[in-house]
Amino acid sequence: MIAENNASYVPKYVQIQNYILQKIEEGAYSAGDRIPSEAELSRQFDVSRITVNTAIKELSSSGIVERIQGKGTFVREVRQRGENQSMAFSGGIKIPSQQDLSNKPHRLVEHGIIQAGLVLCRKLGLEEGAYVYKILRSVSAKDHLDELDYSYIPLSVCSNHTFDQDALEKMFLHDYICKYFTPSPSHLKIFIHAAWTEDMDISPFHKDRQDEQLFTWDTFVYGEQGILGLTTTVCVSQTNRLFMNLEL
C-alpha cells in the first residue's frame with residue numbers, strides 16, 4: 001500500500017500532531033510554552049475532543065509535550081536521540097532466527113512509502129520531510145493484539161528495490177536488509193522506552209485491554225555509513241516477559 005501525499009488521507013489526529021510539531025520546529029512553541037487547549041484545537045480542526053485528546057496523549061507519550069492537570073499542555077525540552085532512554089544495548093546481541101519466528105507468527109498489516117514526521121526524521125538522522133518505506137506487522141496472542149512492529153527504511157537505502165511481500169511478513173528487518181541490500185548491516189543498537197512517531201496508531205491495543213500498559217523499544221540497524229533501518233516495537237507489558245537474548 002502506497003500512502004497518498006495528500007492531507008485529506010491523513011487522519012485528523014495525525015494532522016493535529018503534525019501541526020504542533022511544525023510549530024515547535026518553526027520556533028512558534030518553545031520549551032515550556034503552553035500549546036492551545038483541547039477545546040481550542042477541537043474548534044480549529046473541527047473535530048471532537050476525543051480526537052484531540054488522542055493526538056495530545058501520543059505526543060505526551062513520545063516526550064514531545066507534558067500534560068499538567070489543571071494547567072494545560074506544555075512543550076518539553078527537545079532532547080537528542082538517546083538522552084531520554086533509560087537503558088541501551090549496543091553489542092553482543094544475538095539476532096533472532098527464523099526458527100524464533102515460528103513460535104511468534106507475524107502478520108503483515110501494511111507497507112509502502114510515507115513522508116516521515118519530525119520525530120522519525122530525528123531518529124533516522126534524515127532531513128525534515130524525507131520519505132521512508134514503512135512496514136507494519138502485528139502479533140496476536142489468544143485473540144488479542146500483543147505487539148506491533150513499525151519498521152522504516154530510508155529511501156536512500158531502498159529507492160530502487162521491489163519489496164517481497166512474503167519476505168516482509170516472515171523476516172526481521174535485519175535479515176531482510178542482509179538478504180536484499182548491500183552493504184550488509186554491521187551492528188544493531190537497541191534503546192528501550194522509545195518515543196512513538198507520528199504515524200503510529202496505538203488505538204487497537206486499547207480496544208479490549210483498556211488498563212494495560214504499553215512498552216516500546218527501538219532496534220536500529222547500522223551499516224558502515226550509518227543507519228540502514230529502524231524497527232520500533234510496541235507491545236503489552238507482561239511480568240517476566242523475555243525482552244532479548246544476549247550472547248555471553
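Residues numbered from 1 in each chain as written. Predicted model: local features only at pLDDT ≥ 70, side-chain atom pairs only at ≥ 80, totals over all residues. Heavy atoms only, no water.

1. Brief notes about the pattern of salt bridges
Okay, so step 1: Scanning the model with the defined rule gives six salt bridges in all.
Okay, so step 2: Salt-bridge contacts for Arg49 lead to Glu38; the nearest nitrogen and oxygen are separated by 3.6 Å. Within this pair, whereas Arg49 is found in helix 3 (residues 49–61), its partner Glu38 is found in helix 2 (residues 38–45), the two being separated by 11 residues in sequence.
Okay, so step 3: The partly exposed category is assigned to Arg49, whose relative accessible area is 47%.
Okay, so step 4: Residue classification places Glu38 among the buried positions, given a relative accessible area of 17%.
Okay, so step 5: Lys123 is the salt-bridge partner of Asp218, the closest N and O atoms lying 2.9 Å from each other. Of this pair, Asp218 sits in strand 8 (residues 214–223) while Lys123 sits in helix 5 (residues 118–124), and the two are 95 residues apart along the sequence.
Okay, so step 6: Of the residues examined, Lys123 reaches a relative accessible area of 5% and is grouped as buried. (Salt bridge = Lys/Arg side-chain N within 4 Å of Asp/Glu carboxyl O. Helix = DSSP H or I, 4+ residues; strand = E, 2+ residues; numbered from the N terminus. Buried < 20%, exposed > 50% of the residue type's maximum accessible area, 1.4 Å probe, protein only.)

2. Some remarks on the environment of Leu188
Okay, so step 1: As for its placement among the helices and strands, Leu188 is situated in strand 7 (residues 187–192).
Okay, so step 2: Residues Leu188 and Gly229, spaced 41 residues apart in sequence, show a C-alpha to C-alpha distance of 9.9 Å.

3. Section: the packing of aromatic side chains
Pairs of aromatic rings are described using the distance from one ring centre to the other and the angle between the two planes.
Okay, so step 1: Per the counting criterion, the structure on display carries nine aromatic pairs.
Okay, so step 2: Pairing Phe163 with Tyr176 gives two aromatic rings, centres 5.7 Å apart and planes at 10 degrees, and the pair type is stacked. One end of the pair, Phe163, is in the loop between helix 6 (155–158) and helix 7 (165–170); the other, Tyr176, is in helix 8 (residues 173–180), with 13 residues separating them in the sequence.
Okay, so step 3: Through pairs of rings, three or more aromatic residues link up here, namely Tyr133, Phe163, Tyr176, Tyr180 and Phe181.
Okay, so step 4: The ring of Phe172 carries the charged tip of Arg137 above its face, separated from the ring centre by 5.9 Å. (Phe/Tyr/Trp six-rings, centres within 6.5 Å; stacked < 30°, edge-to-face > 60°. Lys NZ or Arg CZ within 6 Å of the ring centre and 35° of its normal.)

4. So, the environment of Arg137
Okay, so step 1: Within the secondary structure layout, Arg137 lies in strand 5 (residues 131–141).
Okay, so step 2: C-alpha of Arg137 to C-alpha of His111: the two residues are 26 residues apart in sequence and 8.8 Å apart in space.
Okay, so step 3: Separated by 3.0 Å, the side chain of Arg137 and the backbone oxygen of Glu169 make a polar contact.
Okay, so step 4: Side-chain polar atoms of Arg137 contact the backbone oxygen of Met171, separated by 3.2 Å. (Polar contact = N/O pair within 3.5 Å; in protein donor to acceptor, adjacent residues only side chain to side chain.)

5. Comments concerning the nonpolar core
Okay, so step 1: Formed by 22 residues in total, the largest nonpolar core has its most connected members in Leu120, Leu124, Val132, Tyr152 and Phe205.
Okay, so step 2: Elements that contribute at least two residues to this core include exactly helix 5, strand 5, strand 6 (144–154), strand 8 and strand 9 (226–236). (Core = buried A, V, L, I, M, F, W, Y, C linked by side-chain atoms within 4.5 Å.)

6. Section: the pairing of strand 1 (residues 65–68)
Okay, so step 1: Across four bridges, strand 1 lies against strand 2 (residues 72–75) in antiparallel orientation. Looking at strand 2, one finds that Ile68 is bridged to Gly72.
Okay, so step 2: Between strand 1 and strand 2, which pair antiparallel one after the other, the connecting turn spans three residues, and Gly70 there sits at a positive phi close to 85 degrees. (Pairing = 2+ DSSP bridges.)

7. Let's talk about helix 2
Okay, so step 1: Among the residues making up helix 2, those that are buried are Glu38, Leu41, Ser42 and Phe45. For helix 2, the arc enclosing every buried residue in end-on projection is 105 degrees, short of the 170-degree limit, so these residues lie on one face.
Okay, so step 2: Note on helix 2: the residue one or two positions beyond its end, Asp46, has a positive phi of about 55 degrees. (Arc of directions from axis to C-beta.)

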